[in-house]
Amino acid sequence: MVYQNFDEILANMRNRPALTPMAIAAAGDRHTLEAAVKAQREGIALPIPVGDGESIRRILYELGADPTQYEIHDAPDPAEAAREAVRLVRERRAGFLMKGMLDTGVLLKAVVNKESGLGGGSVMSHFTAFEVPGYHKLLVPVDGGMVPYPTLEQKAAIIRNTVSVLRAMGYDCPKVGVVTCVEKVNPKMPETVEARALAEMNRNGEITGCIVDGPVSYDCAVSAEIARAKGYESPIAGDVDVLLAPNIHAGNVMGKMLLCTCGAKMAGFVAGATCPIVLTSRGSCAEEKFLSIALSAAASTVKTEGGVKT
(Lines give C-alpha, C1' and ligand atoms only; values in the text may rest on other atoms or scores of the structure.)
Protein backbone atom coordinates (compact mmCIF):
# COMPACT_ATOMS: atom_id res chain seq x y z
CA MET A 1 0.00 0.00 0.00
CA VAL A 2 1.10 3.55 -0.80
CA TYR A 3 -0.99 6.63 -0.02
CA GLN A 4 -1.32 9.17 -2.82
CA ASN A 5 -3.00 11.84 -0.70
CA PHE A 6 -4.57 12.58 2.68
CA ASP A 7 -8.07 11.84 1.41
CA GLU A 8 -7.07 8.17 1.07
CA ILE A 9 -5.89 8.13 4.68
CA LEU A 10 -9.12 9.74 5.87
CA ALA A 11 -11.23 7.26 3.91
CA ASN A 12 -9.29 4.36 5.38
CA MET A 13 -9.63 5.71 8.93
CA ARG A 14 -13.39 6.15 8.57
CA ASN A 15 -13.67 2.45 7.77
CA ARG A 16 -12.09 1.37 11.05
CA PRO A 17 -14.41 -0.33 13.57
CA ALA A 18 -13.43 1.95 16.49
CA LEU A 19 -12.19 5.46 17.12
CA THR A 20 -8.69 5.73 18.58
CA PRO A 21 -8.75 7.77 21.83
CA MET A 22 -6.27 10.65 21.97
CA ALA A 23 -5.22 12.57 25.06
CA ILE A 24 -4.90 16.33 24.47
CA ALA A 25 -2.59 18.15 26.88
CA ALA A 26 -3.68 21.75 27.69
CA ALA A 27 -6.67 21.38 25.39
CA GLY A 28 -8.14 24.84 26.02
CA ASP A 29 -7.26 26.07 22.53
CA ARG A 30 -9.88 26.71 19.86
CA HIS A 31 -7.92 25.42 16.83
CA THR A 32 -6.90 22.28 18.70
CA LEU A 33 -10.42 21.48 19.87
CA GLU A 34 -11.87 22.39 16.47
CA ALA A 35 -9.59 19.81 14.85
CA ALA A 36 -10.30 17.27 17.59
CA VAL A 37 -14.08 17.64 17.34
CA LYS A 38 -13.89 17.32 13.57
CA ALA A 39 -11.81 14.15 13.97
CA GLN A 40 -14.50 12.69 16.22
CA ARG A 41 -17.35 13.69 13.93
CA GLU A 42 -15.59 12.11 10.96
CA GLY A 43 -15.01 8.84 12.82
CA ILE A 44 -11.24 9.13 13.16
CA ALA A 45 -10.36 9.75 16.81
CA LEU A 46 -11.98 10.24 20.21
CA PRO A 47 -10.68 13.35 22.04
CA ILE A 48 -9.92 13.19 25.76
CA PRO A 49 -9.30 16.87 26.64
CA VAL A 50 -6.97 17.61 29.56
CA GLY A 51 -6.53 21.14 30.85
CA ASP A 52 -8.56 24.03 32.21
CA GLY A 53 -12.01 22.48 32.36
CA GLU A 54 -13.91 25.78 32.19
CA SER A 55 -12.09 26.92 29.05
CA ILE A 56 -12.48 23.51 27.41
CA ARG A 57 -16.24 23.41 28.04
CA ARG A 58 -16.72 26.97 26.79
CA ILE A 59 -14.87 26.29 23.53
CA LEU A 60 -16.74 23.03 22.99
CA TYR A 61 -20.05 24.89 23.39
CA GLU A 62 -18.88 27.48 20.85
CA LEU A 63 -18.02 24.68 18.43
CA GLY A 64 -21.49 23.20 18.76
CA ALA A 65 -20.28 20.18 20.74
CA ASP A 66 -21.81 18.87 23.95
CA PRO A 67 -19.14 19.00 26.71
CA THR A 68 -21.00 16.33 28.71
CA GLN A 69 -20.14 13.81 25.97
CA TYR A 70 -16.41 14.20 26.61
CA GLU A 71 -14.15 12.77 29.31
CA ILE A 72 -12.65 16.09 30.39
CA HIS A 73 -9.75 15.98 32.87
CA ASP A 74 -9.45 19.25 34.78
CA ALA A 75 -5.77 20.22 35.07
CA PRO A 76 -5.34 24.02 34.72
CA ASP A 77 -1.55 24.00 35.12
CA PRO A 78 0.16 23.14 31.78
CA ALA A 79 2.77 20.87 33.41
CA GLU A 80 0.05 19.06 35.30
CA ALA A 81 -1.98 18.71 32.10
CA ALA A 82 1.04 17.25 30.30
CA ARG A 83 1.63 14.67 33.03
CA GLU A 84 -2.05 13.71 33.12
CA ALA A 85 -2.25 13.30 29.34
CA VAL A 86 0.89 11.14 29.37
CA ARG A 87 -0.61 9.04 32.16
CA LEU A 88 -3.69 8.34 30.06
CA VAL A 89 -1.49 6.95 27.30
CA ARG A 90 0.63 4.92 29.71
CA GLU A 91 -2.53 3.37 31.12
CA ARG A 92 -3.69 2.57 27.56
CA ARG A 93 -6.75 4.76 27.89
CA ALA A 94 -5.47 6.74 24.90
CA GLY A 95 -3.65 5.60 21.79
CA PHE A 96 -1.67 8.76 21.15
CA LEU A 97 -0.92 12.22 22.52
CA MET A 98 -1.61 15.72 21.23
CA LYS A 99 -0.19 19.07 22.24
CA GLY A 100 -2.61 21.89 22.96
CA MET A 101 -1.81 25.36 24.29
CA LEU A 102 1.48 24.73 26.07
CA ASP A 103 5.19 24.93 25.32
CA THR A 104 6.63 21.93 23.52
CA GLY A 105 9.35 21.63 26.16
CA VAL A 106 6.76 21.25 28.91
CA LEU A 107 5.06 18.38 27.10
CA LEU A 108 8.32 16.67 26.14
CA LYS A 109 9.54 16.86 29.73
CA ALA A 110 6.57 14.70 30.73
CA VAL A 111 7.11 12.43 27.73
CA VAL A 112 10.80 11.70 28.43
CA ASN A 113 10.42 11.21 32.20
CA LYS A 114 12.15 7.88 32.86
CA GLU A 115 9.66 6.74 35.46
CA SER A 116 6.32 8.01 34.13
CA GLY A 117 6.94 9.04 30.52
CA LEU A 118 6.55 7.55 27.07
CA GLY A 119 10.14 7.26 25.94
CA GLY A 120 10.81 4.23 23.80
CA GLY A 121 14.51 4.14 24.59
CA SER A 122 15.51 5.40 21.14
CA VAL A 123 15.91 8.64 19.24
CA MET A 124 12.69 10.63 18.83
CA SER A 125 12.29 12.27 15.44
CA HIS A 126 9.77 14.39 13.57
CA PHE A 127 7.63 12.53 11.04
CA THR A 128 6.04 14.80 8.43
CA ALA A 129 3.96 13.89 5.39
CA PHE A 130 3.20 16.31 2.56
CA GLU A 131 0.62 16.14 -0.18
CA VAL A 132 2.48 17.99 -2.93
CA PRO A 133 0.82 19.16 -6.17
CA GLY A 134 2.71 17.55 -9.04
CA TYR A 135 4.00 14.55 -7.09
CA HIS A 136 2.16 11.25 -7.40
CA LYS A 137 2.07 10.25 -3.72
CA LEU A 138 2.69 11.53 -0.22
CA LEU A 139 6.22 12.77 0.37
CA VAL A 140 7.89 12.36 3.77
CA PRO A 141 10.87 14.69 4.44
CA VAL A 142 12.60 14.01 7.78
CA ASP A 143 13.81 15.27 10.24
CA GLY A 144 13.03 18.96 10.27
CA GLY A 145 11.99 19.35 13.87
CA MET A 146 13.78 17.26 16.49
CA VAL A 147 17.42 16.22 15.90
CA PRO A 148 19.63 19.23 14.97
CA TYR A 149 22.78 17.57 13.62
CA PRO A 150 22.20 13.81 13.53
CA THR A 151 25.13 11.43 13.68
CA LEU A 152 25.25 8.41 11.40
CA GLU A 153 23.65 6.31 14.15
CA GLN A 154 20.94 8.92 14.71
CA LYS A 155 20.23 9.08 10.97
CA ALA A 156 19.77 5.31 10.99
CA ALA A 157 17.38 5.69 13.95
CA ILE A 158 15.40 8.40 12.12
CA ILE A 159 15.04 6.08 9.12
CA ARG A 160 13.89 3.23 11.38
CA ASN A 161 11.35 5.51 13.12
CA THR A 162 9.99 6.74 9.80
CA VAL A 163 9.82 3.31 8.20
CA SER A 164 8.12 1.91 11.30
CA VAL A 165 5.41 4.58 11.01
CA LEU A 166 4.86 3.96 7.31
CA ARG A 167 4.67 0.21 7.77
CA ALA A 168 2.15 0.70 10.59
CA MET A 169 0.13 2.70 8.07
CA GLY A 170 0.22 -0.18 5.61
CA TYR A 171 3.25 0.53 3.42
CA ASP A 172 5.00 -2.64 2.26
CA CYS A 173 8.50 -1.35 1.51
CA PRO A 174 9.03 2.43 1.74
CA LYS A 175 11.67 3.96 -0.52
CA VAL A 176 14.13 6.17 1.35
CA GLY A 177 16.44 8.67 -0.32
CA VAL A 178 19.35 10.08 1.69
CA VAL A 179 19.42 13.60 0.27
CA THR A 180 22.54 15.58 -0.54
CA CYS A 181 23.33 18.10 -3.31
CA VAL A 182 25.04 15.46 -5.49
CA GLU A 183 24.59 11.82 -6.46
CA LYS A 184 28.16 10.66 -5.92
CA VAL A 185 30.27 10.11 -2.83
CA ASN A 186 32.76 12.90 -2.22
CA PRO A 187 35.14 12.47 0.75
CA LYS A 188 35.12 16.25 1.19
CA MET A 189 31.35 16.11 1.74
CA PRO A 190 30.72 13.99 4.85
CA GLU A 191 26.98 13.95 4.14
CA THR A 192 27.61 11.93 0.98
CA VAL A 193 29.86 9.48 2.83
CA GLU A 194 27.17 8.91 5.47
CA ALA A 195 24.51 8.58 2.78
CA ARG A 196 26.43 5.71 1.19
CA ALA A 197 26.99 4.15 4.63
CA LEU A 198 23.23 4.20 5.32
CA ALA A 199 22.54 2.56 1.95
CA GLU A 200 25.08 -0.14 2.81
CA MET A 201 23.47 -0.64 6.24
CA ASN A 202 20.22 -1.29 4.41
CA ARG A 203 21.82 -3.81 2.07
CA ASN A 204 23.55 -5.51 5.01
CA GLY A 205 20.29 -5.95 6.93
CA GLU A 206 21.03 -3.35 9.63
CA ILE A 207 18.14 -1.18 8.41
CA THR A 208 15.21 -3.33 7.31
CA GLY A 209 11.70 -3.11 5.90
CA CYS A 210 12.60 -0.53 3.27
CA ILE A 211 14.90 0.42 0.39
CA VAL A 212 17.55 3.01 1.25
CA ASP A 213 19.70 4.66 -1.38
CA GLY A 214 22.03 7.63 -1.48
CA PRO A 215 23.58 9.98 -1.88
CA VAL A 216 20.82 11.34 -4.08
CA SER A 217 19.88 14.88 -5.04
CA TYR A 218 16.32 16.05 -4.47
CA ASP A 219 15.56 16.31 -8.17
CA CYS A 220 16.67 12.75 -8.95
CA ALA A 221 14.67 11.44 -6.00
CA VAL A 222 11.38 12.96 -7.15
CA SER A 223 11.77 13.03 -10.95
CA ALA A 224 12.43 9.90 -13.01
CA GLU A 225 13.02 12.08 -16.06
CA ILE A 226 15.77 14.09 -14.37
CA ALA A 227 17.29 10.91 -12.93
CA ARG A 228 17.50 9.40 -16.42
CA ALA A 229 19.06 12.59 -17.81
CA LYS A 230 21.70 12.51 -15.06
CA GLY A 231 22.30 8.77 -15.43
CA TYR A 232 21.15 8.07 -11.89
CA GLU A 233 19.80 4.53 -11.67
CA SER A 234 18.01 3.42 -8.51
CA PRO A 235 14.68 1.89 -7.42
CA ILE A 236 13.96 5.17 -5.62
CA ALA A 237 14.55 7.44 -8.63
CA GLY A 238 11.40 9.45 -9.26
CA ASP A 239 9.45 7.30 -6.80
CA VAL A 240 10.86 8.16 -3.36
CA ASP A 241 8.64 8.06 -0.26
CA VAL A 242 11.05 9.39 2.35
CA LEU A 243 13.66 12.14 2.02
CA LEU A 244 16.24 12.00 4.81
CA ALA A 245 17.76 15.46 5.23
CA PRO A 246 21.39 15.90 6.31
CA ASN A 247 20.40 18.13 9.25
CA ILE A 248 17.46 19.89 10.86
CA HIS A 249 17.96 23.06 8.81
CA ALA A 250 17.74 21.29 5.46
CA GLY A 251 14.75 19.26 6.63
CA ASN A 252 12.95 22.30 8.00
CA VAL A 253 13.60 24.45 4.92
CA MET A 254 12.53 21.63 2.60
CA GLY A 255 9.25 21.22 4.46
CA LYS A 256 8.47 24.93 4.64
CA MET A 257 9.23 25.40 0.94
CA LEU A 258 6.76 22.63 0.09
CA LEU A 259 4.15 24.13 2.42
CA CYS A 260 4.53 27.85 1.76
CA THR A 261 5.45 28.10 -1.92
CA CYS A 262 4.37 24.81 -3.49
CA GLY A 263 0.79 24.67 -2.22
CA ALA A 264 1.38 21.47 -0.26
CA LYS A 265 -0.71 20.18 2.63
CA MET A 266 1.15 18.96 5.69
CA ALA A 267 0.61 16.67 8.66
CA GLY A 268 3.09 15.44 11.23
CA PHE A 269 3.94 14.14 14.66
CA VAL A 270 6.88 12.99 16.76
CA ALA A 271 7.87 9.36 16.27
CA GLY A 272 10.15 7.16 18.36
CA ALA A 273 8.16 7.28 21.60
CA THR A 274 5.71 4.54 22.58
CA CYS A 275 2.97 6.37 20.61
CA PRO A 276 2.66 9.21 18.09
CA ILE A 277 2.83 12.70 19.61
CA VAL A 278 1.09 15.47 17.68
CA LEU A 279 3.28 18.55 18.14
CA THR A 280 1.90 21.03 15.64
CA SER A 281 2.82 24.68 16.12
CA ARG A 282 0.50 26.90 18.14
CA GLY A 283 0.06 28.88 14.92
CA SER A 284 -0.93 25.85 12.86
CA CYS A 285 -4.36 26.02 11.26
CA ALA A 286 -7.15 23.67 12.27
CA GLU A 287 -6.77 21.70 9.01
CA GLU A 288 -3.11 20.90 9.68
CA LYS A 289 -3.97 19.81 13.21
CA PHE A 290 -6.85 17.68 11.91
CA LEU A 291 -4.68 15.96 9.29
CA SER A 292 -2.00 15.37 11.92
CA ILE A 293 -4.60 13.71 14.14
CA ALA A 294 -5.69 11.47 11.27
CA LEU A 295 -2.09 10.59 10.43
CA SER A 296 -1.30 9.79 14.08
CA ALA A 297 -4.42 7.65 14.41
CA ALA A 298 -3.42 5.76 11.26
CA ALA A 299 0.07 5.17 12.66
CA SER A 300 -0.98 4.31 16.22
CA THR A 301 -0.32 0.69 17.15
CA VAL A 302 -1.21 1.07 20.84
CA LYS A 303 -4.08 -1.16 21.92
CA THR A 304 -6.28 0.98 24.15
CA GLU A 305 -8.98 0.24 26.66
CA GLY A 306 -11.10 3.15 25.45
CA GLY A 307 -11.75 2.55 21.79
CA VAL A 308 -15.26 3.60 20.79
CA LYS A 309 -17.26 1.77 18.15
CA THR A 310 -18.27 3.84 15.14
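Residues numbered from 1 in each chain as written. Predicted model: local features only at pLDDT ≥ 70, side-chain atom pairs only at ≥ 80, totals over all residues. Heavy atoms only, no water.

**Student:** Outline the sheet that holds strand β6 (residues 140-142), listing residues and values.
**Tutor:** Here 4 strands make up an open sheet; going across it, the order is β6-β9-β7-β8 and the pairing parallel. Where the open sheet ends on each side, the last strands, each with one partner, are β6 and β8 (211-216). Here the strands of the sheet are splayed against their neighbours by 20° on average, with no regard to which way each runs. Bridge count for strand β7 (residues 175-179) against strand β9 (residues 242-244) is 3 bridges, and the pairing is parallel. Residue pairing across strands places G177 opposite L243, the latter belonging to β9. Across the sheet, helix α6 (residues 152-168) lies against β6, β7, β8 and β9, angled at about 165° from β9, the strand it touches most. (Pairing = 2+ DSSP bridges. Helix = DSSP H or I, 4+ residues; strand = E, 2+ residues; numbered from the N terminus. Axes fitted to C-alpha atoms, helices over the stretch in contact; angles between N-to-C directions. Contact = heavy atoms within 4.5 Å.)

**Student:** If you had to explain the packing of helix α1 (residues 6-14) against helix α11 (residues 286-299) to someone new, which residues and values would you point to?
**Tutor:** Remark: α1 packs on α11, axes separated minimally by 10 Å, with the N-to-C direction vectors making an angle of 55°. It follows that α1 is oblique to α11 by the angle criterion. Viewed along their axes, α1 and α11 form a crossing whose handedness is left-handed. Here α1 contributes F6, I9, L10 and M13 to the contact with α11, which in turn contributes F290, L291, A294, L295, A297 and A298. Here the residues of the contact of α1 with α11 sort into 10 nonpolar, no polar and no charged. (Parallel < 35°, antiparallel > 145°, perpendicular 65-115°, else oblique. Left-handed = near helix turned anticlockwise from the far one by under 90°. Nonpolar A, V, L, I, M, F, W, Y, C, P; charged D, E, K, R; others polar.)

**Student:** I'd like a rundown of the environment of L46, residues and numbers included.
**Tutor:** Locating L46 in the fold gives a position in strand β2 (residues 45-51). You can call L46 buried: its relative accessible area is 16%. Considering only alpha carbons, one finds L46 and V147, 101 residues apart in sequence, at a separation of 30 Å. (Buried < 20%, exposed > 50% of the residue type's maximum accessible area, 1.4 Å probe, protein only.)

**Student:** Can you lay out the nonpolar core for me, pointing to particular residues and giving the numbers?
**Tutor:** Nonpolar side chains in soluble globular proteins tend to be buried together. By size, the foremost hydrophobic cluster in this structure holds 86 residues, and its most contacted members are L97, F127 and M169. Per-element tally for this core: the top contributor is α11, with 8 residues. When sequence neighbours within four positions are dropped, the list of residues in contact with L97 reads A23, A85, V86, V89, L107, V111, L118, C275, P276, I277 and V278. The next biggest cluster of nonpolar side chains, apart from the first, holds 20 residues, and it includes C220, V222, A227 and M266. (Core = buried A, V, L, I, M, F, W, Y, C linked by side-chain atoms within 4.5 Å.)

**Student:** Explain the side chain of T180 to me, using residue names and the numbers behind them.
**Tutor:** Structurally, T180 can be placed in the loop between β7 and α7 (190-203). Engagement of the side chain of T180 in a polar contact is seen with the backbone oxygen of V182, the distance being 2.7 Å. Once residues within four sequence positions are removed from consideration, T180 is found in contact with E191, T192, A195, P215, V216, S217 and Y218. (Polar contact = N/O pair within 3.5 Å; in protein donor to acceptor, adjacent residues only side chain to side chain.)

**Student:** Describe the pattern of salt bridges, and please don't skip the residues or the numbers.
**Tutor:** A complete count under the given rule lists 14 salt bridges for this structure. Across the pair E42 and R14 runs a salt bridge, and its minimum N-O distance is 2.3 Å. In this pair, E42 sits in the loop between α2 (30-41) and β2 while R14 sits in helix α1, placing the two residues 28 residues apart along the sequence. We classify R14 as partly exposed; its relative accessible area is 38%. Note that E194 is salt-bridged to K155, the shortest N-O span being 2.8 Å. With E194 in helix α7 and K155 in helix α6, the pair connects residues that are 39 residues apart, well separated along the chain. Classification of K155 by relative accessible area gives buried; the value is 3%. (Salt bridge = Lys/Arg side-chain N within 4 Å of Asp/Glu carboxyl O.)

**Student:** Give a description of the packing of helix α4 (residues 78-90) against helix α5 (residues 104-112) that names residues and reports values.
**Tutor:** At a closest axis distance of 9 Å, the pairing of α4 and α5 adopts a crossing angle of 40°. Considering the angle they form, α4 stands oblique to α5. Classified by chirality, the crossing of α5 by α4 is right-handed. Facing α4, whose interface residues are P78, A79, A82, R83 and V86, α5 presents V106, L107, A110 and V111. Counted by class, the contact of α4 with α5 contains 8 nonpolar, no polar and 1 charged residues.

**Student:** Can you explain the packing of aromatic side chains? Please cite residues and give values.
**Tutor:** This structure, assessed with the given rule, holds 2 aromatic pairs. Here F127 and F269 contribute two aromatic rings whose centre-to-centre distance is 5.2 Å and whose plane-to-plane angle is 20°, an arrangement assigned as stacked. In this pair, F127 sits in strand β5 (residues 125-131) while F269 sits in strand β10 (residues 265-271), placing the two residues 142 residues apart along the sequence. Like F127, the residue F269 is buried in the burial classification. Above the plane of the ring of F290 lies K38, whose end atom (NZ or CZ) is 4.4 Å from the centre. (Phe/Tyr/Trp six-rings, centres within 6.5 Å; stacked < 30°, edge-to-face > 60°. Lys NZ or Arg CZ within 6 Å of the ring centre and 35° of its normal.)

Function cannot be inferred from these measures alone, as they are strictly geometric.
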